[in-house]
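Structural description and commentary
Listed here are the chains, written in short residue letters.
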Amino acid sequence: MKLDGFELRRVSLPLVAPFRTSFGVETVRDALLVRAVTPDGEGWGECVATVEPLYSSEYVAGAGAVIKDFLAPPLLAARDIDPQQVGPALAHIKGHRMAKAALEMAVLDAWLRQRGESFGAYLGAVRDRVPAGVSVGIMDTIPELLDAVEAYLEQGYVRIKLKIEPGWDVEPVRAVRERFGDELLLQVDANAAYTLADSATLSRLDPFGLLLIEQPLDDEDLRQHAELARVIRTPICLDESIVSAKTAADAIAMGAARVINIKPGRVGGYIEARRIHDVCQAHGVAVWCGGMLETGLGRAANVALAALPGFNLPGDTSASDRYFSTDITEPFVLDQGHVAVPTGAGLGVNPIPEILRELTTTVEWIDADASR
Ligand code: NPG
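What counts, and at which threshold
Residues numbered from 1 in each chain as written. Predicted model: local features only at pLDDT ≥ 70, side-chain atom pairs only at ≥ 80, totals over all residues. Heavy atoms only, no water. Near = heavy atom within 4 Å. Polar contact = N/O pair within 3.5 Å; in protein donor to acceptor, adjacent residues only side chain to side chain. 1 Å grid on protein atoms, 1.4 Å probe; cavity = no way out; pocket = protein on both sides within 12 Å on 5 of 7 lines; lining within 4 Å. Sits in = over half its atoms within 2 Å of the grid points. Nonpolar A, V, L, I, M, F, W, Y, C, P; charged D, E, K, R; others polar. Domains from an automatic or database assignment. Pairing = 2+ DSSP bridges. Helix = DSSP H or I, 4+ residues; strand = E, 2+ residues; numbered from the N terminus. Axes fitted to C-alpha atoms, helices over the stretch in contact; angles between N-to-C directions. Contact = heavy atoms within 4.5 Å. Points joined across faces, edges and corners; volume = space filled by probe spheres on them.

**Points about the site of the ligand**
Looking at the ligand, there are 19 residues lining it, with Ser-135, Lys-163, Asn-191, Lys-263 and Leu-293 nearest. A distance of 2.7 Å is found between an oxygen atom of the ligand and a side-chain nitrogen or oxygen belonging to Asn-191. Residue Gly-291 places a main-chain N or O atom 3.0 Å away from a nitrogen atom belonging to the ligand. With respect to the pocket detection grid, the ligand is positioned in the largest cavity. Here the shell around the ligand is composed, by residue class, of 6 nonpolar, 5 polar and 8 charged. Taken together, domain 1 (5-116 + 352-371) and domain 2 (121-340) each give at least three residues to the shell around the ligand, which thus spans both.

Here's what the structure looks like:
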């Protein structure tokens, strides 16, 4: 496939409510979209980097810069590129996985649209809908949290994930368990807010029968996660620590993770995400699809990925209205706690031109001729 260029577009989507995690509060989703333009059509990618480098070292302005200066040129210089070649063509540039993932997604979408094949079919989806979990941010008070959880359960969400941090952990979990019962699928996410010295606090979560605790310790603490796994009963799930199929294999071998959250942006794209799925499936390790407040574009691809056979826990694949009153594509909706896997070519969804225009803050064009 020949590329004419990439368009980089920043969009700003206000969130329906502030979303607080152990690393910060988000009130707006300021996303970077990549449009791959070819002589025969286009494809869309979404970069999941946040405005500030608080979740990982990547951030949205940095992702835009590395794409312009280092990642787009080798792809545009190639006279013929297919999605499988994007990763290898960018492997000499260290890191920047979220930026690489956005480019690969755009190329993959353009390529699949030309073939009339969906993301789900390409990745190996075996389901036409996926169960939807919801991530619930840190709140000021427990009554507020209970109201939020109740509202999500009324909407049909099949699994609740509570964001935790030191000082907001055992009591909110206890309150949610007591109010909604033992049957509720419940898990927590610490976003690396604890250290091994907090083992005693974390083991106080054991009696609540959580599905998992996600990323309790620092990204680089693989060995410490393995040690923690020996003292707490709640299964440990890794998110930030897993940046490739290699790190997934290492974490599994070390006993650092019984569950893995797969986020395509974090690992460099959907093709590496599928490799991690395959590694986990071979080792009998449970996986689920994470979320990064994606617009309908990233959400479409995530939902397709979550339909692979090894995804055996509900993902953060919520409906669009969990985050946005207006999405840039037709919204994803909940149907009895599930979200439908798009079946159209490529992502199977399209940005709605007027909404896209309204939410756009900047647009830049990178022409292939400048790289040849
Ligand atoms: O449902 O899209 C979603 C968000 C789920 O909690 C969620 N994401 O740490 O996993 C996370 C968190 C996150 C959001 C991380 C935005 C980074 C940016």
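**Some details on the sheet that holds strand β3 (residues 41-47)**
Within a beta sheet, neighbouring strands are joined by backbone hydrogen bonds and run either parallel or antiparallel to one another. On the basis of which strands lie adjacent, the open sheet formed by 4 strands has the order β3-β2-β1-β13 and antiparallel pairing. Single-partner strands in this sheet number two, and they are β3 and β13 (360-367). The mean inter-strand angle of the sheet, taken between neighbouring strand axes irrespective of direction, is 25°. This element, helix α1 (residues 60-77), spans β1 (5-21), β2 (24-38), β3 and β13 of the sheet and lies at about 150° to β1.

**Re the layout of surface pockets**
Of the voids in this model, the largest pocket is the one considered here, and its volume is about 480 Å³. Along its surface, the largest pocket is lined by 21 residues, and Gly-87, Ala-91, Lys-100, Val-267 and Glu-272 are the ones closest to its centre. Elements supplying a minimum of two residues to the lining of the largest pocket: α2 (83-90), α3 (97-115) and α11 (270-283). Here the lining of the largest pocket is built from residues that sort into 9 nonpolar, 5 polar and 7 charged. Taken domain by domain, the lining of the largest pocket gets at least three of its residues from each of domain 1 (5-116 + 352-371) and domain 2 (121-340). The space that makes up the second largest pocket amounts to roughly 330 Å³. Lining the second largest pocket are 16 residues, and of these Ser-56, Ser-57, Arg-97, Glu-240 and Val-243 lie nearest its centre. When residues of the lining of the second largest pocket are sorted by domain, at least three fall in each of domain 1 (5-116 + 352-371) and domain 2 (121-340).

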